[in-house]
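Close look at the chain arrangement
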Amino acid sequence: MGEGKPGKEIVQNIIPSFNPDLLVCGSETKEKNSIFIGSQASYMAQNAPCSVIVVR
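Description of the structure in this document. Along each chain, numbering runs from 1 in the same order as the chain's sequence is written. Selection of residues for local features in this predicted model requires a pLDDT of at least 70, selection of side-chain atom pairs for listing and counting requires 80 or more, and totals for whole chains, interfaces and linings are taken over all residues. Working from all heavy atoms in the structure, the side-chain values ignore hydrogens and water.

Digging into helix H1 (residues 6-18)
Each residue is assigned a bend, namely the angle between axes fitted to the seven residues that terminate at it and the seven residues that start at it. Note on conventions: DSSP H or I runs of at least 4 residues are helices, E runs of at least 2 residues are strands, and numbering of each starts at the N terminus. In H1, a bend of some 30 degrees at Gln 12 exceeds every other bend along the element, and Pro 16, a proline, comes one to four places later. Buried residues in H1 make contact with strand S1 (22-26) and helix H2 (39-47). Just downstream of H1 lies Asn 19, where phi reads positive at about 50 degrees. We call two residues in contact whenever any of their non-hydrogen atoms come within 4.5 Å of each other.

Concerning a nonpolar patch on the surface
Among the surface-exposed residues, Leu 22, Val 24, Ile 53 and Val 55 lie close enough to one another that they form a single nonpolar patch of about 330 Å² accessible area. Those elements giving two or more residues to the nonpolar patch turn out to be S1 and strand S2 (51-55). Of note, Leu 22 is situated in strand S1. Candidate patch residues must exceed 30% relative accessible area and have no salt bridge, after which like charges are joined if within 9 Å and Val, Leu, Ile, Met, Phe, Trp or Tyr side chains if within 5 Å. Note on areas: Shrake-Rupley with a 1.4 Å probe; residue coverage comes only from the protein chains shown. We define a salt bridge as a side-chain nitrogen of Lys or Arg found within 4 Å of a carboxyl oxygen belonging to Asp or Glu.

Re the pairing of S2
Looking along a regular strand, one sees side chains alternate from face to face of the sheet. Two strands are said to pair when DSSP picks up at least two bridges between them. As paired elements, S1 and S2 share 5 bridges and run parallel to each other. Residue pairing in the sheet places Leu 22 in a bridge with Ser 51 of S2. Whether a crossover is right-handed comes down to one check: with the strands pointing away from the viewer, does the path from the first strand over the helix to the second run clockwise; if it does, it is right-handed. Running through H2, the crossover from S1 to the neighbouring parallel element S2 is right-handed.

Focus on the nonpolar core
Counting residues in hydrophobic clusters, the biggest one holds 8 residues: Val 11, Ile 15, Leu 23, Cys 25, Ala 41, Met 44, Ala 48 and Cys 50. Of all elements in the fold, only H1, S1 and H2 reach the threshold of two or more residues within this core. Sequence-distant contacts of Leu 23, defined by excluding residues within four places in its chain, comprise Ile 10, Ile 15, Met 44, Ala 48, Cys 50, Ser 51, Val 52 and Ile 53. Grouping buried Ala, Val, Leu, Ile, Met, Phe, Trp, Tyr and Cys residues that are joined through side-chain atoms within 4.5 Å yields what is termed a nonpolar core. Exposed residues in this analysis have more than 50% of their type's maximum accessible area, buried residues have under 20%, and partly exposed residues fall in between, with area computed by a 1.4 Å probe over protein chains only.

Structural data, given as structure tokens:
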């Protein structure tokens, strides 16, 4: 549907088109015991106009 960073594309173009109540996204970190989430999942969690669940 679009080009660029997935998080920005989803927040700016996909979510307004569908108007969801919840966004579920996955996050994969390189370190096994990391408490941090990936940059795209973090962007969506901070900028999405709906609730977000990040699944590791």
